[in-house]
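Okay, here's what each chain looks like letter by letter:
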Amino acid sequence: MQCDYFDAGLCRSCTLLDRPYPVQVAEKEARVRDLLGERHAPSAWLPTLTGPESGFRNKAKMVVGGTIDEPTLGILDGRGQGVDLRGCGLHTSGIQEALPTLAAFVTRARLLPYDVPRRRGEAKYVHVTESPSGELMVRFVLRSEQALPRLRSELPWLLEALPRVAVVSVNLLPEHKAVLEGTDEIVLTDRETLTMHLGGVDLELRPQSFFQTNTAIAAGLYAQAAEWVDAIDPATVWDLYCGVGGFALHVARPGAGRSSRHAHREVVGIETSEEAVASARGSARRAGLEHVRFAADDATRFATSASTSAEPGSPGTGTAPPELVIVNPPRRGIGATLAGWLEGSGVEHVVYSSCNPVTLASDLDAMPSFDVVAARVFDMFPQTPHLEAMALLRRR
Ligand SMILES: C[S@@+](CC[C@H](N)C(=O)[O-])C[C@H]1O[C@@H](n2cnc3c(N)ncnc32)[C@H](O)[C@@H]1O
């Protein structure tokens, strides 16, 4: 991928940009193999799933800089001044097309860009997410509600200029700190969710919920998990760190691709974000999936408080350990307590999807009773060293 910003030294975020794409992929595979080592070598390495090497990011998180009349949407340089990256080639084409109109909106609504060195101004970030059908969710991260009336009064202009915008919200971040959003969200449109349709499943995404960065690779990830789960055919599954329910909803219908012993599959999704849980419940309801439930809880707390006296997968107990657990934690991994609980539980299979192979390997070290049956790298983040790796574990 060629990038003018990179060539001009304006942005160095894509640290692998000067490596040919096949070399990037080979290096990522080698890194995961190396970290898993002999002790966790899978019986089968599946070929890495790759997608487009540009135009794949479904979410842009742009810092607002510059002035009201000439705003920049991009990053800040070393002096805290805005660098405009609206043409960043990692973003989907729909996001790239929308960014100039969003910059014009900053000017129309007189949103003063936040000046980090002087701690003055209102507009901190613009976040844009594009759904597979081309709809957009736009979030303005502001320091306060001061500019809200102007933003509301210019909103009809924005919705006319960008008819694909389905959801607009304001997120409030009053503190001067290096985070991308605050906790308070004010939705300005009738629609509150963006529908992410993948693999035959509609995932409803609310403004503050996590979604996998690369839609094509996310679809492959969920399809792979569903294939493994269907081959094992468990009656009961937990999806820990479930977000808006991507894994849970993809594995909820037993035997989508093959025959199953079960009329339905009991699935429980656990996630700390109440907003993501609300989205997941809405998606399950709309899909008519009555045997899938979601709860807002800490994954470790939920698992460790499950009844270990009940047989794994015993129907109707609700809190008995399931036959199969899916985990997809943040970069820090599942940690010693949850890994230790899985090790000592009666759970037969684990599907571990990880965005950090270092913590994947250390978590596997804490689960010596499991063999890695199969593993696969998913190139979710081309041009950067980041990757997703998923492993199917079976109790020995
Ligand atoms: C890598 S994301 C995975 C989301 C989801 N599986 C998906 O495919 O979109 C990790 C998720 O874990 C959630 N999370 C973070 N800490 C958690 C915890 N202690 N217990 C449960 N969920 C947690 C985050 O809110 C986030 O949604």
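Before reading further, recall that the structure is shown in the block above.
Treat the numbers as computed from the prediction; the structure is a model and nothing was measured. Starting afresh in each chain, residues are numbered from 1 along the sequence in its written order. Selection of residues for local features in this predicted model requires a pLDDT of at least 70, selection of side-chain atom pairs for listing and counting requires 80 or more, and totals for whole chains, interfaces and linings are taken over all residues. Think of the side-chain values as coming from all heavy atoms in the structure, minus any hydrogens and water.

1. Thoughts on the site of the ligand
Put simply, a residue is near a molecule or strand once any heavy atom of it comes within 4 Å of that molecule or strand. Taken together, 16 residues lie near the ligand, and Gln212, Tyr222, Glu271, Asp298 and Asn328 sit nearest. Each polar contact in these results corresponds to two N or O atoms within 3.5 Å; when the atoms are within protein, one needs to be able to donate a hydrogen and the other to accept it, and residues that are neighboring in sequence are counted only if both atoms are side-chain atoms. Here an oxygen atom of the ligand sits 2.8 Å away from a polar atom, N or O, in the side chain of Gln212. For the ligand, a nitrogen atom lies 2.7 Å from a polar atom in the side chain of Asp298. Expressed as a share of its isolated accessible area of 590 Å², the protein-covered part of the ligand is 88%. By the convention adopted, Pro, Cys, Tyr, Trp, Phe, Met, Ile, Leu, Val and Ala count as nonpolar, Lys, Arg, Asp and Glu as charged, and the other residues, Gly among them, as polar. In terms of residue class, the shell around the ligand is built from eight nonpolar, four polar and four charged. What sets the accessible areas is the Shrake-Rupley method with a 1.4 Å probe; for residues, cover comes only from the shown protein chains.

2. Brief notes about the pattern of salt bridges
Side chains that carry opposite charge are capable of pairing whenever their charged atoms lie near each other. Any carboxyl oxygen of Asp or Glu that lies within 4 Å of a side-chain nitrogen of Lys or Arg is treated as forming a salt bridge with it. On inspection of all chains with the given rule, the structure shows 20 salt bridges. The salt bridge partner of Arg118 is Asp115, with a shortest N-O separation of 3.0 Å. On the basis of relative accessible area, Asp115 is assigned to the partly exposed category, the value being 22%. A salt bridge links Glu204 to Arg286; the nearest nitrogen and oxygen atoms lie 3.6 Å apart. Taken together, the positions of Glu204 in strand E10 (residues 201-205) and Arg286 in helix H7 (residues 274-286) put the pair 82 residues apart, joining distant regions of the chain. Under the scheme applied here, a residue whose accessible area is under 20% of the maximum for its type counts as buried, over 50% as exposed, and between as partly exposed, the area being computed with a 1.4 Å probe on protein chains only. Taking relative accessible area as the criterion, Arg286 reaches 56% and is therefore assigned exposed. Members of the salt-bridge network, linked through shared partners, are Asp230, Asp233, Arg261 and Arg265. Only DSSP runs of H or I reaching four residues or more are called helices, and only runs of E reaching two or more are called strands; each is numbered from the N terminus.

3. Here's the deal with the nonpolar core
As a rule of thumb, soluble globular proteins bury nonpolar side chains together. By convention a nonpolar core is built from buried Ala, Val, Leu, Ile, Met, Phe, Trp, Tyr and Cys residues, the set being connected through side-chain atoms within 4.5 Å. Grouped together as the largest cluster of nonpolar side chains are 44 residues, with contacts concentrated most on Leu203, Leu249, Phe294, Ile326, Val351 and Met390. It is helix H5 (residues 215-232) that contributes the most residues to this core, eight residues altogether. In this structure, Leu17, Cys88, Leu142 and Ile186 belong to the second largest nonpolar core, which totals 43 residues.

4. A short note on the pairing of strand E5 (residues 123-130)
Burial within E5 is extensive, with eight of its eight residues counted as buried. Here, any two strands with at least 2 DSSP bridges between them count as paired. Examined bridge by bridge, strand E2 (residues 59-66) and E5 share five bridges and lie antiparallel to one another. Bridged to Ala60 within E5 is Val128. From the end of E5 to the start of strand E6 (residues 136-142), which pair antiparallel, there are five residues, and Gly134 there has a positive phi angle of about 95 degrees.

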